[in-house]
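# Chains, contacts and geometry: an overview
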Amino acid sequence: MKLELARPISSLLLRIALQLPLLVAVVLIGQFVGIPSGVSALIAVVGWIACIWLLSLRKLLGLAAILVAISAIVYFFHQPSNDRDWRPEVARLPRSIIEGDTLRVENLRDFRWDSQTEFEERWLQTVYDLRTLEQLDAIVVPFGDSDLAAHVMLSFGFADGRHLAVSIEARAEMGETYSLIGGAARQLELFYLFGTEADLLGLRILHRGDRVYSFPLDVDAGFAKELLLELSEAANQLNERPKFYATLRHNCTTSLLRHVNRISDQPLAFSREILFPAQLGKLLHQLDLIETDLDWPEAKEAFRVDETIRSAKDLTTAFSDALRSSRP
């Protein structure tokens, strides 16, 4: 009697266990044929329920194997490329030319944003004297009201008042938007964006309404220079060998951590603050890497810069100065 009861229970549990690989496979295939993730997930759930009632366990196992095989094939055979119909804000890859202490950046972005979707395109060629590099800021932009998810950037400050912002992002095609699933499904290429603070931070503060924190880092100029050269070389490599953005492995924070650890005498360990980068400022404060004597709650408030920018009267030529005008 127990054996007869155990068999249907085992069969039911196995059918239920097949839901996850079926869901992942269908959503992944949907990404490659242009079906939104939510629609793919709904198709997978409804289809799975129907298959439970219509198919034998053997046929259900066969269907799952076929779908998983198809999803694995399209995932591993899909290759990154620089030759796609890119969105205009990520259309040009930066390229750096280093000659002694001179860094020349081609395709540095300096868009003039009128809204989140309207802008004047400006791509610059800019020269920096690396001997005058004197400041490095960590920029943290939380997503909405989240205290966990955030975008992280770096900004390199020079003695002449200019700031070079570096943001590691997902490179999206026309009609494509960033998504966690798209990043995990190899649908987005990796993009190192070099630009002005007026562009990268102005967009987020003035048009997206984001909170933005700019933490001045307590590091020497030699480290900042080496890190900038490391990022420049990585950006150059993408011109020749494109890579996929990866939601966890190659995102804005983990990629920056990898570059920092390559040149640091004291590498940073992967931690909760790296996984949830809205907490990165707290980690930097705990490690005494922020130039401040304030405790963390005071420092977090002091280095929030979005409200300062929104209240500034003139941002036409002095965006970076205004950004730092309220620092203690």
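Predicted, not measured: the structure shown is a model, and the values here were computed from it. (Residues numbered from 1 in each chain as written. Predicted model: local features only at pLDDT ≥ 70, side-chain atom pairs only at ≥ 80, totals over all residues. Heavy atoms only, no water.)

All right, on to the overall build of the protein then. Tallying secondary structure elements over the protein gives 13 helices and 10 strands in all. Each of the 328 residues in the protein was classed as buried or not, and the buried ones make up 45%. Long-range pairs, those at least 24 residues apart, make up 68% of the contacts in the protein between residues at least 6 apart in sequence. Roughly 17100 Å² of accessible area belongs to the protein as shown, and the carbon and sulfur atoms make up 57% of that amount. (Helix = DSSP H or I, 4+ residues; strand = E, 2+ residues; numbered from the N terminus. Buried < 20%, exposed > 50% of the residue type's maximum accessible area, 1.4 Å probe, protein only. Contact = heavy atoms within 4.5 Å. Areas by Shrake-Rupley, 256 points an atom, 1.4 Å probe, with all protein chains shown as cover.)

A few words now on the pairing of strand E10 (residues 213–216). The two faces of E10 match: Tyr213 and Phe215 on one face and Ser214 and Pro216 on the other face are all buried. Inspection of the sheet shows strand E6 (residues 133–142) paired to E10 by 4 bridges, in the antiparallel sense. Counted as the bridge partner of isoleucine 139 is serine 214 from E10. (Pairing = 2+ DSSP bridges.)

Below, the discussion takes up a nonpolar patch on the surface. Among the surface-exposed residues, Ile73, Phe76 and Phe77 lie close enough to one another that they form a single nonpolar patch of about 390 Å² accessible area. As for its position among the elements, phenylalanine 76 is in helix H4 (residues 57–77). For phenylalanine 76, a relative accessible area of 56% gives the class exposed. (Patch = residues over 30% accessible without salt bridge, like charges linked within 9 Å, V, L, I, M, F, W, Y side chains within 5 Å. Salt bridge = Lys/Arg side-chain N within 4 Å of Asp/Glu carboxyl O.)

Volume-wise, the largest pocket comes out at about 1100 Å³. Around the largest pocket, the lining comprises 39 residues; the ones closest to its centre are Phe143, His151, Tyr178, Arg204 and Arg208. For the lining of the largest pocket, the secondary structure elements donating two or more residues are E6, strand E7 (150–158), strand E8 (163–171), helix H6 (197–207), helix H8 (252–263) and helix H9 (272–275). Of the residues belonging to the lining of the largest pocket, the class tally is 23 nonpolar, 9 polar and 7 charged. (1 Å grid on protein atoms, 1.4 Å probe; cavity = no way out; pocket = protein on both sides within 12 Å on 5 of 7 lines; lining within 4 Å. Points joined across faces, edges and corners; volume = space filled by probe spheres on them. Nonpolar A, V, L, I, M, F, W, Y, C, P; charged D, E, K, R; others polar.)

What follows covers the environment of glutamate 173. As for its placement among the helices and strands, glutamate 173 is situated in the loop between E8 and helix H5 (180–184). Among the residues examined, glutamate 173 registers a relative accessible area of 24% and is labelled partly exposed. Remark: the alpha-carbon pair of glutamate 173 and arginine 84, spanning 89 residues in sequence, is separated by 6.8 Å. Setting aside its immediate chain neighbours within four residues, glutamate 173 contacts Arg84, Asp85, Trp86 and Arg87.

Time to look at the packing of aromatic side chains. If you walk through the whole model with that rule in mind, you get 8 aromatic pairs. Each ring, one from tyrosine 213 and one from phenylalanine 215, has its centre 6.0 Å from the other, and the planes form 5°; the classification is stacked. Comparing tyrosine 213 with phenylalanine 215 shows no difference in burial state: the two are buried. Between phenylalanine 215 and phenylalanine 303, the aromatic rings sit 6.2 Å apart at their centres with planes inclined by 65°, giving edge-to-face as the arrangement. (Phe/Tyr/Trp six-rings, centres within 6.5 Å; stacked < 30°, edge-to-face > 60°.)

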